[in-house]
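Tertiary structure, described
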Amino acid sequence: MKKHKLIAAILLGLSLAPAASAQQFEKQAYDKACASCHNTGIGGAPKLGDPNDWRVPVAAGMARLYKSALEGTPKGMPAKGGLEGRNFTNSEIQAVVDFMVDKVKVALGATAGAAPGAAPAGAAQPLPPVAFNFNRLLKPMDKRNLPPSQDGIHDPANDGTLMLQPPMEGMADLTRSRFGNNTDWVASLQGKKVTPRWERDNPFAEAMVMDLDILRAPKAAVQDVVFPHKQHTEWLDCSNCHPAIFVPQKGANIISMPLILLGQKCGVCHGTVAFPVSECAKCHSQKKGASQAAAPPAQKATGKP
Ligand code: HEC
Ligand code: HEC
Ligand code: HEC
Ligand code: HEC
C-alpha cells in the first residue's frame, strides 16, 4: 500500500522523499483535496481536529465515512472531495479519511480510525455519549414554569426569589398552547396580548416586519417546510439570523433535522427560546408540491401590524 501511494505521489508531482511517512502523504493529499472545506468547516464540513464536529460521523462507523468520502453525500460532501480528489485512488481517499479520524481519535477516546476489521471481532466498543447541545425533550407539563422558588435556578432561601412573579401568573392572560412554556407567543402578539418594546430606550421604535415566506421542500416523505419571515421579524431583527445563522438567499443554506436537533439552524432558537422541535406541523405546514400551484409570495416591508 505504501508503495503505490508513493507512485501516485510521484505521478502527482508531489515532492515526496522516499523516507516520507504515510502520514505525510495523507497530509499532502488532505491539503490538496480536502482542506478547502475541512479546515474551515464551510457548509457544515466537520473541521479537521475538532472532536465535536466528528463525534456523530465517527459514531456512524468507518464504513459510512469511507462511503461518504468516495461517493459524496447529499449534504455537501462531494465525491472524493471534488476535482482535486479524483486524482487519488479509492484506497488513498480512505487513508485520508483515516488521517482525519486519527486527529480526533484521542479526544473521542474511541477505537475508530482503525481500518475495518482491525478491531477484534465482536469487540464493538460503545462510543461516549454525544455531549453537546442536543435539544432535550422538555420536562412534563406539570414540571414546567414552576415558581422561582422551585425552578432549580433561583435560590429558594433568598427573599428576592419570593418577590419574583411566578411565570404562570405573568402569562395567565396570554393565548395558551400545549407546547413549550404553554404560551402561543405568535397568537399572543397578534392578539396584542403582549406589546413588546422594540428598543429599550425608544418607545416609538417599530419592528421592520417582512412578509416573505420561504419554502423548503425536503426530499423525504414529510410535508414541505414554510419559513415565515413575518412571524420572525415581528420579534427579531434581521441580524439575529443574517448572516450568522442563515445566508439570506433562498436554498443557499444546508438545513436538516439532524442539524436542528443538534441546536443549529432553526434549532438555535426552536427548542430553546421558541416552540420546540416536537411540533412538526408548525414548520412542516404545507402539502408536498402545493407551491407549484400557489402564487409567488408577496414581499413587503411594513411597520408593526
Ligand atoms: C467542497 C467542500 C468539501 C471538500 C473539498 C471535502 N469535503 Fe468532506 N465534507 C464536506 C461537507 C459539507 C461534509 C458534511 C456532509 C454531511 O453531513 O454528510 C463533509 C463530510 C465529510 C466526511 C464525513 C461524512 C459522514 O458521513 O459524516 C468525511 C469522512 C469527509 N467529508 C472526508 C473528506 C475527504 C477525505 C476529503 C478530501 C479528499 C473531503 N472530505 C473534501 C465538504 C467537503
Ligand atoms: C429567524 C431567522 C430570520 C430572520 C430574523 C430573518 N431571516 Fe431572512 N431568511 C431566513 C431563512 C431561513 C431564509 C431562507 C434561507 C434558505 O432557504 O437557505 C431567509 C432568506 C432571506 C432572503 C432571501 C430570499 C430569496 O428569495 O432568496 C432575504 C432577502 C432575507 N432573508 C432578508 C431578510 C431581512 C431583510 C430580514 C429582516 C427584516 C430577515 N431576512 C430576517 C431567516 C431569517
Ligand atoms: C433567531 C431565532 C429563531 C430561528 C433561527 C428560527 N426561529 Fe422560528 N421562531 C422564533 C420565534 C421567537 C418565534 C415566535 C415564538 C414562538 O412561536 O415560539 C418563531 C416562530 C416560528 C413559526 C411561526 C409559528 C406560528 O405559530 O405561526 C414558524 C413556522 C417557525 N418559527 C419556523 C422556523 C423555521 C422553519 C426555522 C428555520 C428555517 C426557524 N423558525 C428559525 C425564533 C427563531
Ligand atoms: C423549527 C421547524 C421544524 C420543526 C419543528 C420540525 N422540522 Fe423537520 N425540517 C425542518 C427544516 C427546515 C427541514 C429541512 C428542509 C430542507 O430540506 O430544506 C426539515 C427536514 C425534515 C425531514 C427531511 C430530512 C432532513 O433531515 O432534512 C424530515 C424527515 C423531517 N424534517 C421530519 C420532522 C419531524 C418528524 C418533526 C417533528 C418531530 C419535524 N421535522 C419538526 C424544520 C422543522
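Residues numbered from 1 in each chain as written. Chains lettered and ligands numbered in written order. Predicted model: local features only at pLDDT ≥ 70, side-chain atom pairs only at ≥ 80, totals over all residues. Heavy atoms only, no water.

1. A look at the confidence of the model for the protein
The criterion, for reference: Residue-level confidence of the predictor is what pLDDT reports, using numbers from 0 through 100. Residue contacts follow a heavy-atom distance rule, with two residues in contact if any of their heavy atoms lie within 4.5 Å.
Scored by pLDDT, the protein has a mean of 80; 78% of the residues are at 70 or more. Per-residue pLDDT stays below 50 along residues 1-19; that stretch engages in 23 contacts with residues further than four places along the chain or on separate chains. Note on residues 110-135: pLDDT is under 50 here. Beyond four places in sequence and across chains, it has 36 contacts.

2. Thoughts on the coordination of the iron atom of ligand 1
Let me state the cut-off plainly: Only nitrogen, oxygen and sulfur atoms qualify as donors, and only when within 2.8 Å of the metal (3.2 Å in the case of Na, K and Ca); with water excluded, sites may look incomplete. In short, tetrahedral needs four donors with all angles between 85 and 135 degrees, square planar needs four and octahedral six donors with opposite donors over 155 degrees apart and all other angles between 65 and 115, and whatever is left is irregular. Secondary structure elements follow DSSP: runs of H or I no shorter than four residues count as helices, runs of E no shorter than two count as strands, and numbering proceeds from the N terminus.
Coordination sphere of the iron atom of ligand 1, protein contribution only: His-38 (NE2) and Met-77 (SD), at 2.0 Å. Around the iron atom of ligand 1, the six donor atoms sit at angles spanning 86 to 179°, and that spread fits a shape best called octahedral. Of the two residues, His-38 sits in helix α3 (residues 35-38) while Met-77 sits in the loop between α5 (62-71) and α6 (90-108), which places them 39 residues apart along the sequence.

3. With respect to the environment of Pro-196
Counted only if it meets this: Only protein chains enter the accessibility calculation, which uses a 1.4 Å probe; a residue is then buried when its area is under 20% of its type maximum, exposed when over 50%, and partly exposed in between.
Looking at the secondary structure, you find Pro-196 in the loop between α9 (185-190) and β1 (209-210). When its relative accessible area of 31% is taken as the criterion, Pro-196 is described as partly exposed. Sequence separation between Pro-196 and Trp-235 is 39 residues; the distance between their C-alpha atoms is 8.3 Å.

4. Looking at the packing of helix α4 (residues 51-59) against α6
Quick note on the threshold: Here the axes come from fitting lines to C-alpha atoms, over the contacting stretch only for helices, and the angles between their N-to-C directions go from 0 to 180 degrees. Here the word oblique covers every angle except those under 35 degrees (roughly parallel), over 145 (roughly antiparallel) and from 65 to 115 (roughly perpendicular). Ten residues, namely Ala, Val, Leu, Ile, Met, Phe, Trp, Tyr, Cys and Pro, are considered nonpolar, four, namely Asp, Glu, Lys and Arg, are considered charged, and the remaining ones, Gly among them, are considered polar.
One can describe the packing of α4 onto α6 by two numbers: an axis separation of 10 Å at closest approach and a directional angle of 100°. Classed by the angle they form, the pair α4 and α6 counts as roughly perpendicular. For the pair formed by α4 and α6, the contact residues are Pro-51, Trp-54, Arg-55 and Val-58 on the first element and Met-100, Val-101, Val-104, Ala-107 and Leu-108 on the second. Among the residues making up the contact of α4 with α6, the classes are represented as eight nonpolar, no polar and one charged.

5. Side note on the packing of α5 against α6
So the rule is basically this: Take the far helix as the reference: if the near one is turned anticlockwise from it by less than a right angle, the crossing is left-handed, and if turned clockwise, right-handed.
α6 packs onto α5 with a crossing angle of 125° between their chain directions and a minimal axis gap of 9 Å. One finds that α5 runs oblique with respect to α6. The crossing of α5 and α6 is right-handed. Contact residues: α5 offers Met-62, Leu-65, Tyr-66, Ala-69 and Leu-70, while α6 offers Asn-90, Ile-93, Gln-94, Val-97, Asp-98 and Val-101. Grouping the constituent residues of the contact of α5 with α6 by class yields eight nonpolar, two polar and one charged.

6. Section: the site of ligand 2
Using the following cut-off: Think of it this way: one heavy atom of a residue within 4 Å of a molecule or strand is enough to make that residue near it. Contacts described as polar in this section are N or O atom pairs within 3.5 Å, which, within protein, must combine one atom able to donate a hydrogen with one able to accept it, while residues neighboring in sequence count only if both atoms come from side chains.
With respect to spatial proximity, 21 residues lie near ligand 2, and among them His-229, Cys-238, Cys-241, His-242 and Asn-253 are the closest. Between an oxygen atom of ligand 2 and a side-chain N or O atom of Arg-216, the distance comes to 2.8 Å. Interatomic distance of 2.6 Å between a side-chain N/O atom of Asn-253 and an oxygen atom of ligand 2. Sorting the residues of the shell around ligand 2 by element identifies β2 (213-216), α10 (229-233) and α11 (238-241) as the ones contributing at least two each. It is α10 that contributes the most residues to the shell around ligand 2, three residues altogether. The residue inventory of the shell around ligand 2, partitioned by class, reads 11 nonpolar, seven polar and three charged.

7. A few points about the site of ligand 3
Surveying the vicinity of ligand 3 reveals 19 residues, the closest of which are His-232, Cys-266, Cys-269, His-270 and Lys-282. In the model, an oxygen atom of ligand 3 is placed 2.9 Å from a nitrogen or oxygen of the Phe-275 main chain. At the level of secondary structure, the elements contributing two or more residues to the shell around ligand 3 comprise α9, β3 (225-228), α10 and α13 (280-283). The biggest single contributor to the shell around ligand 3 is β3, with three residues. Broken down by class, the residue content of the shell around ligand 3 amounts to 14 nonpolar, three polar and two charged.

8. Here we look at unusual backbone geometry
Cis geometry marks the peptide bond from His-242 to Pro-243, where omega comes out at 0°. Take Pro-243: it is sitting in the loop between α11 and α12 (257-261). Its identity as a non-glycine residue notwithstanding, Asn-182 has a phi of 70°, on the positive side. The residue Asn-182 is located in the loop between α8 (167-170) and α9 in this model. The phi dihedral of Lys-192 falls on the positive side, at around 55°, and the residue is not glycine. Note that Lys-192 resides in the loop between α9 and β1.

9. Focus on the coordination of the iron atom of ligand 2
Donor atoms from the polypeptide that coordinate the iron atom of ligand 2 comprise His-229 (NE2) and His-242 (NE2), at 1.9 to 2.0 Å from the metal. By relative accessible area, His-242 is classed as partly exposed at 24%.

10. A few points about the packing of aromatic side chains
To keep things clear, this is the line we draw: Aromatic pairing here means that ring centres of Phe, Tyr or Trp (its six-membered ring) are within 6.5 Å. Orientation follows from the plane angle: under 30 degrees is stacked, over 60 is edge-to-face, and everything else is tilted.
For the coordinates displayed, the defined rule picks out four aromatic pairs. When the centroid spacing of 6.1 Å and the interplanar angle of 65° are considered together, the rings of Phe-179 and Phe-275 count as edge-to-face. In this pair, Phe-179 sits in the loop between α8 and α9 while Phe-275 sits in the loop between α12 and α13, placing the two residues 96 residues apart along the sequence. Its relative accessible area of 21% is what places Phe-275 among the partly exposed residues. Between Trp-185 and Trp-235, the ring centres sit 6.2 Å apart and the planes meet at 75°, which makes this aromatic pair edge-to-face. Residue Trp-185 is located in helix α9, and its partner Trp-235 is located in the loop between α10 and α11; the two are separated by 50 residues in the primary sequence. Judged by relative accessible area, Trp-185 falls into the partly exposed class, the value being 30%.

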